[in-house]
Amino acid sequence: MLWLKRFIFVFPVLLGLFFAAAFTFVKQQVAPHENVLTMGSIGEPENVNPIRATTTSASDVTNLVFNGLIKFDENMNMVGDLATSWDLSQNSRLFFNTEDDAKAVLAAAEALMRGRAAAPPTTAPATQPARLMVPHKASRDAKVVTFDFEGSAGTEYQDALADVLAKHPPRKVYLLAISPRPSAKFSDGVELKPAAVEERARTAIAKADAVIVEHYVVLDSMVQWVFHGERDAVEKALTALFLPDDPDNGLADLSFEEFPGQDRPSYVFHLRRGVMWQGGQVGGKVYEPKEFTAEDVKFTWDMLVSSEIASPRASDYVTVESATALDPYAIRITYKKPYSLAVNSWSMGILPRHILDGKGPEWWADNYDRHPIGTGPFKFDQWKSGEWIRMVRNQAYYEGPPNLDAIYIRYIPDQLNIQLTLETGGIDFYSIEPQAVGRAIKDKRLDLVQFQSRSYNYIGWNMKRPLFQDVRVRRALAQAINIDDIIQYILYGYGVQSTGIYAPQFYFCNPHMKDRLLKYDPEKAKALLAEAGWKAHDAEGYLVKDGQRFEFDLITNNANEIRKDICVVVQSDLKKVGVKVNLKQYEWSVFIQRYIDAQNFDACVLGWQMSNDFDMYQLFHSSQTHPGELNFCSYKNKEADLLIDRLRTTYSEDGIKRLAWRLQEIVYEDQPYVFLDVPEATVGIQRNTFRVYRPHGNGKWVDEPIRETKAGFDLYLPYWYRVKYPPAGLAEGRK
Amino acid sequence: MITYLVRRLAISIILLAIVSLLSFAIIRFAPGSKTAGGEEMSPKKLAAAEEARRAKYHLNDPWYSQYFLVMKDLFSNKLVDYNDRPVHEQIVDRLPWTMLLNAVSLVLVFGMGIPLGVAGARFRGGWRDTSSAVGAFFLLSLPGFFVSYMLCILLVKYIYVPILGVGTFGMQFSSWWQQALDTGWHLFAPALVLALPGVAVQSRYVRASLIESLSEDYIRTARAKGLSESVVYYKHALRNSLRPMVTFFGFLLAGMIAGSVIVETIFSYPGMGRLAYEALSKRNLPVLVAINFYSAVLVVMGNLLADMLYSVVDPRVRLE
């Protein structure tokens, strides 16, 4: 047993020797920075397929490997990517009770279009004349008028026809959607498969004397009809068939929506020629580079709405009625109804048909989802699970080859560790938390880029609770909260007061909101509360009305330190005006499922990320107030509803501005939320290490420092270069 | 011996069935959507798509048939997670790293715990004993994540010890022995944090049982024979004190597998614990059920091994 003694003494010595060796050895072996960029990420994506992933960690990769049909430039204007240009046109069908009505409207439309054709070419001329169609065979007494409008869409043309349409009103058209619960059965034991639903619903609709105009199956689990007739009668007939209101026997969800007309906008995208798919090996097979065509776009749409792939991105694409390749370099995408934001969704990465066609979701998951092949500036190279992903330069990229040899993304799941890695040079840039910015400013190793983030924090009032139904009370509470304090003490000064529902980077954000902000004014708050009946105080100094104390629970999720701190400030500010706030925190999924989705809360602190769309349908439309929907504060305002609906069918920038600016004002006036702060983001980049050398149109290239643009500081990431490795083109230019 | 093994195996199988059922039930009945994939609060969420995903992964079935399906897929090597990725492939990717980390930690626990315990017993009441006792209780009362963070800052700021991953970044093109040395170097910090509570407990165990042995008659005999103190301690006393350490091995294994979830996440170590942590935050049930199952298998096997070692260390014990 004396070996044990020897071991006991030898072991620490051996260990010490090993570490001493490694210490000297590793220090010498730290690789010199080659011409690569190393990014860091807290989260690691499960897959990097653009249509199957939604996380930002996945888009870090897909943005470099894929291209969409369109993209956004540094001013957030839409520009072509794989498409060079696109045309918008609209096919509209209106249904009338008599042929006279139809003829009158048609004549007015023809006159309008003749006027447009004669007008100067600032507005695109109508290339196809309007024509009267033979009444629809199934439509009995209804008369149908069809228009084809080029260069315009949405309700704008209907505005032009408003007078004549008022005199000859078209019949109302409804969109009906039925989504059967999986594995539910009819009372006679037949399963609710789409085919069975379709057959029975068709009979029921016919019994109610309604006429079906269009019919779609979405994702194999939702069936949609467009019909005209008596809505109530159809609903009654279907309710009898599906029992939607009975929670135990509820077999299907029914929803009705009024159509603004049978308007079908369609886009024709003209595709860039000569764009090549990257070559590469996936699933044990080598794929040679191949030209990108319209078939790939059609295939991508097919996959987005396929129930087998079950894309989490499907919602933007189920409104597409059809995608048709006109020739290899043009594709027509027709929508079921006007939706002016639809074109934004074509920034989605396009998938290669020649690789993926005929492969099932398991093949995708095993192969392509973890080793994608796209058309982008970088080629996916290697993924070391739990460590890093490497992408290498695509020499054949259509805009010109990038400057860096490779880009790495390292996965570091811990906040402290990732900050330390940035400081020691293990990653090249990363965002810095507000409390660490002061230290980072002094750090000589880092350059900082600061910009306003596209997000805001808010307090949402549950307006189903009587306490918050009075707008005076909501405005009073907003003025009782010191937002400047929140910015100064919680965000360390890195933030500004929010101006409402839109991010100031976008044209549809109202620039006059700055003058209308509610400022901290506890006296005014008290006066407003008194006006609303909250005058008396109880023994503890809290406001009382009808024997009820002004007291509520403020909830948030427990992993977010900033939100928790906001709660504390709000609690103390509101105490000063006599309102008692109880704070509660929950784990995220419990918070969402039990409280937010169930609308089982008084008030909550949350934040929204603002995307580049002006659609506020899910967040503020009064139809979106059911459990599980995102208007969980139950905000209802008729004018706001109208504006939101009109925005979805408005295509011109001026029209969008007019409606969106007004919407922002109304929502701010009503204060369903207290719009708190817009945080300022800080990104630390290794000092004097990177610049941008990028194509600048017409074969010209421009050399510039890294700077913040409306589309973010990393818009030109594919064209960053290390100052130590100046690109060849730049060196020639300087000679 | 054979009958003992057969009986132990039978008990293990029942135990594993109960563990798998429990771990499935805890995850299955935890609140939160299993298929929203972080999309709970996205305006782009589509009820029909989520419903399709729920149907695809049988989440609308009763819990017992879900359990049966998951276990069937697990044993037929067909289990896929909510991204359609085979679960076994993910675990096979990560398991070797976790085993390596735990092995290095075990060496550290025994290599540091035994000498500390012996020193404590030999210099009972002296400064060496007191300081190791204080040190042990100090380490035991500190939470692992706190020790990890302090160690991270200390190591990065003052000594160059890597705290990230399993290899120096940019070294993947070096020769195998360079990479091996590099990886060993990277194991230091996480293995140390994982080992510390074990070292603390181990040293107390060894000390207590050594003191007990030292009062035995045969020690007096050994001393009377004129043997040196080293021989008395290491050859006579320590051998009899090894028994509790073997039992301790079983506990240690379970503790380290649990501890590796936090340690691997903090040190960005590509092991199974981190996989579990990530799957947990995404409610990825198949991955969690599989990891829990295999961890339980490891612990059950470790305990079996410990019991068998017991009979080797102490010949008086027979496994019947």
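## Quick notes on the overall build of chain A
When its secondary structure is counted, chain A shows 21 helices and 35 strands. Residues counted as buried form 55% of the 735 residues belonging to chain A. Sequence-distant contacts in chain A: of pairs separated by 6 or more residues, those separated by 24 or more amount to 70%. Looking at chain A as shown, the accessible area adds up to about 31,500 Å², and 51% of this sits on carbon and sulfur atoms.

## A short note on unusual backbone geometry
Positive phi, close to 55°, is recorded for Gln-599 of chain A, a residue that is not glycine. Among the structural elements, Gln-599 of chain A can be located in the loop between helix 17 (588–596) and strand 30 (603–609). Accessibility expressed as a relative area gives 7% for Gln-599 of chain A, which makes it buried. For Asp-84 of chain B, which is not a glycine, the phi torsion comes out positive at approximately 65°. With respect to the secondary-structure elements, Asp-84 of chain B resides in the loop between helix 3 (63–75) and helix 4 (87–122). Here Asp-84 of chain B falls in the buried class, since its relative accessible area comes to 1%.

## Here's the deal with the sheet that holds strand 35 (residues 720–722) of chain A
All names here are of chain A. Across the sheet, which stays open at both edges, the three strands sit in the order 34-33-35 with antiparallel pairing between neighbours. Whereas interior strands pair on both sides, the edge strands pair on one side only; in this sheet they are strand 34 (701–704) and strand 35. The sheet shows a mean angle of 30° between the axes of neighbouring strands, taken without regard to direction. In this structure, strand 33 (residues 690–695) lies alongside strand 35, joined through three bridges in antiparallel fashion. Each bridged residue has a counterpart across the sheet, and for Val-692 the counterpart in strand 35 is Trp-720.

## Considerations on the nonpolar core
All names here are of chain A. By size, the foremost hydrophobic cluster in this structure holds 161 residues, and its most contacted members are Phe-269, Trp-346, Phe-552 and Trp-720. Looking at which element gives the most residues to this core, the answer is helix 20 (residues 653–670), with seven residues. Discounting chain neighbours no more than four positions away, the residues touching Trp-346 are Gly-68, Leu-69, Ile-70, Phe-269, Val-297, Trp-301, Tyr-317, Val-320, Ile-333 and Tyr-335.

## Focus: the pattern of salt bridges
For the structure shown, the criterion picks out 44 salt bridges over all chains. With its nearest N and O atoms 3.8 Å apart, the salt bridge here joins Arg-274 of chain B to Glu-44 of chain A. Here Glu-44 of chain A lies in the loop between strand 1 (36–41) and helix 2 (56–65) and Arg-274 of chain B lies in helix 10 (residues 272–281), a pairing that spans two chains. Classification of Arg-274 of chain B as buried rests on a relative accessible area of 0%. Since its relative accessible area comes to 7%, Glu-44 of chain A is described here as buried. Arg-516 of chain A is the partner of Glu-669 of chain A in a salt bridge, and the nearest nitrogen-oxygen pair spans 3.4 Å. You can see Glu-669 of chain A sitting in helix 20 and its partner Arg-516 of chain A sitting in the loop between strand 24 (495–497) and helix 15 (522–531), a full 153 residues away along the chain. Residues participating in the shared-partner salt-bridge network are Arg-475, Arg-516, Glu-639, Arg-662, Glu-665 and Glu-669 of chain A.

## Some details on the side chain of Asn-35 of chain A
Residue and element names in this part refer to chain A. By the element assignment, Asn-35 lies in the loop between helix 1 (2–29) and strand 1. Of note is the side chain of Asn-35, whose polar atom sits 3.1 Å from the backbone oxygen of Asn-403. In this structure Asn-35 touches Asn-403, Leu-404, Asp-405, Ala-406, Arg-722 and Tyr-725, once residues within four positions along its chain are discounted.

## Regarding the confidence of the model for chain B
Across chain B, the average pLDDT comes to 83, with 95% of residues at 70 or higher. Taken over the whole predicted complex, pTM reads 0.82, whereas the ipTM for its chain interfaces reads 0.82.

## So, the interface of chain A and chain B
In this complex, chain A contributes 75 residues to the contact, which on the side of chain B involves 70 residues. A buried area of about 6,500 Å², summed over both sides, lies between chain A and chain B, and 65% of it is on carbon and sulfur atoms. Counting across the chain A and chain B interface gives four salt bridges. Across the contact surface, chain A and chain B share eight residue pairs in polar contact (both at pLDDT 80 or more). Of all the secondary-structure elements, those providing two or more residues to the side of chain A that touches chain B are helix 1, helix 10 (361–366), strand 19 (388–393), strand 20 (406–411), helix 11 (415–423), helix 17, strand 30 and helix 18 (617–620) of chain A. Counting residues per element, the side of chain A that touches chain B draws most heavily on helix 1 of chain A, which supplies 15 residues. Its residues assigned to classes, the side of chain A that touches chain B shows 40 nonpolar, 16 polar and 19 charged.

## Focus on the packing of aromatic side chains
Residue and element names in this part refer to chain A. Within the structure shown, the criterion is met by 46 aromatic pairs over all chains. Relative to Tyr-335, the ring of Tyr-267 has its centre 6.1 Å away and its plane inclined at 85°; by these criteria the two rings are edge-to-face. Of the two residues, Tyr-267 is situated in strand 11 (residues 262–271) and Tyr-335 in strand 17 (residues 330–335); the sequence distance between them amounts to 68 residues. A residue is classified by how much of its surface remains accessible, and Tyr-335, at 1% relative accessible area, is buried. Look at Phe-506 and Phe-508: their rings are 5.3 Å apart centre to centre, the planes differ by 15°, and that puts the pair in the stacked class. The two residues Phe-506 and Phe-508 agree in class, both being buried. An aromatic cluster is present here, built from Tyr-456, Tyr-458, Phe-601, Trp-608, Phe-620, Phe-632, Tyr-635, Tyr-668, Tyr-673 and Phe-675 joined pairwise through their rings. Between the NZ or CZ atom of Arg-648 and the centre of the ring of Tyr-617, over which it lies, the distance is 4.1 Å. Looking at Arg-694, its charged tip hangs above the ring of Tyr-716, at a distance of 4.0 Å from the centre.

## Points about helix 14 (residues 483–490) of chain A
Residues and elements named next belong to chain A. Taken residue by residue, helix 14 has Ile-483, Ile-486, Ile-487 and Ile-490 as its buried positions. Mapping the buried residues of helix 14 onto a view down its axis gives an arc of 105°, with all of them on the same face. Against strand 24, helix 16 (561–576), strand 31 (673–675) and strand 32 (677–686) lie the buried residues of helix 14. Where helix 14 begins, the capping side chain belongs to Asn-482, and its oxygen is found 3.2 Å from the backbone nitrogen of Asp-484. The positive-phi residue at the C-terminal boundary of helix 14 is Tyr-492, with phi of around 55°.

## Thoughts on the sheet that holds strand 28 (residues 551–557) of chain A
All names here are of chain A. The strand order across the open sheet built from five strands is 29-28-30-23-31, with neighbouring strands paired in mixed fashion. Each edge of the sheet is formed by a strand with only one pairing partner; in this case those strands are strand 29 (580–586) and strand 31. Strand-to-strand, the axes of this sheet are offset by a mean angle of 30°, without reference to chain direction. Of the pairings in the sheet, the one linking strand 28 to strand 30 comprises two bridges and is parallel in character. Within strand 30, the residue paired with Ile-555 across the bridge is Cys-604. Of the strands in this sheet, strand 23 (455–461), strand 28, strand 29 and strand 30 touch helix 16, which is tilted by about 165° from strand 28.

## A look at the environment of Glu-74 of chain A
All names here are of chain A. Tracing the chain through its elements places Glu-74 in the loop between strand 2 (70–72) and strand 3 (78–80). Measuring from C-alpha to C-alpha, the distance between Glu-74 and Gly-712 comes to 7.7 Å, with 638 residues separating the pair along the chain. For Glu-74, the residues in contact, after removing those within four places along its chain, are Arg-694, Arg-707, Thr-709, Lys-710, Ala-711, Leu-715 and Tyr-716. In this structure the side chain of Glu-74 is engaged in a polar contact, spanning 2.8 Å, whose partner is the side chain of Arg-707.

## A few points about the packing of helix 1 (residues 2–29) of chain B against helix 3 of chain B
Residues and elements named next belong to chain B. Where helix 1 contacts helix 3, the two axes come as close as 11 Å, and the packing angle between them is 120°. By the angle between their axes, helix 1 is oblique relative to helix 3. Of the two possible hands of crossing, helix 1 and helix 3 adopt the one that is right-handed. Contacts from Ala-17, Ser-20, Leu-21, Phe-24, Arg-28 and Phe-29 of helix 1 reach helix 3 at Trp-63, Gln-66, Tyr-67, Val-70 and Met-71. For the contact of helix 1 with helix 3, a count of residues per class yields eight nonpolar, two polar and one charged.

## Topic: the environment of Leu-37 of chain A
Residue and element names in this part refer to chain A. Here Leu-37 shows up in strand 1. Note on Leu-37: relative accessible area 0%, which makes it buried. Considering only alpha carbons, one finds Leu-37 and Tyr-721, 684 residues apart in sequence, at a separation of 8.2 Å. Not counting chain neighbours up to four residues away, the residues in contact with Leu-37 comprise Leu-404, Ala-406, Ile-407, Tyr-408, Asp-428, Phe-429, Phe-690, Leu-717 and Trp-720.

## What to know about a nonpolar patch on the surface
A grouping of Phe-145, Phe-146, Met-150, Ile-153 and Ile-262 of chain B is seen on the molecular surface, where their side chains present a nonpolar patch of about 440 Å² in accessible area. Structurally, Ile-262 of chain B can be placed in helix 9 (residues 229–266).

Cut-offs and rules
- Residues numbered from 1 in each chain as written.
- Chains lettered and ligands numbered in written order.
- Predicted model: local features only at pLDDT ≥ 70, side-chain atom pairs only at ≥ 80, totals over all residues.
- Heavy atoms only, no water.
- Helix = DSSP H or I, 4+ residues; strand = E, 2+ residues; numbered from the N terminus.
- Buried < 20%, exposed > 50% of the residue type's maximum accessible area, 1.4 Å probe, protein only.
- Contact = heavy atoms within 4.5 Å.
- Areas by Shrake-Rupley, 256 points an atom, 1.4 Å probe, with all protein chains shown as cover.
- Pairing = 2+ DSSP bridges.
- Axes fitted to C-alpha atoms, helices over the stretch in contact; angles between N-to-C directions.
- Core = buried A, V, L, I, M, F, W, Y, C linked by side-chain atoms within 4.5 Å.
- Salt bridge = Lys/Arg side-chain N within 4 Å of Asp/Glu carboxyl O.
- Polar contact = N/O pair within 3.5 Å; in protein donor to acceptor, adjacent residues only side chain to side chain.
- pLDDT = per-residue confidence, 0-100.
- Buried area = accessible area lost by both parts, 1.4 Å probe.
- Nonpolar A, V, L, I, M, F, W, Y, C, P; charged D, E, K, R; others polar.
- Phe/Tyr/Trp six-rings, centres within 6.5 Å; stacked < 30°, edge-to-face > 60°.
- Lys NZ or Arg CZ within 6 Å of the ring centre and 35° of its normal.
- Arc of directions from axis to C-beta.
- Parallel < 35°, antiparallel > 145°, perpendicular 65-115°, else oblique.
- Left-handed = near helix turned anticlockwise from the far one by under 90°.
- Patch = residues over 30% accessible without salt bridge, like charges linked within 9 Å, V, L, I, M, F, W, Y side chains within 5 Å.

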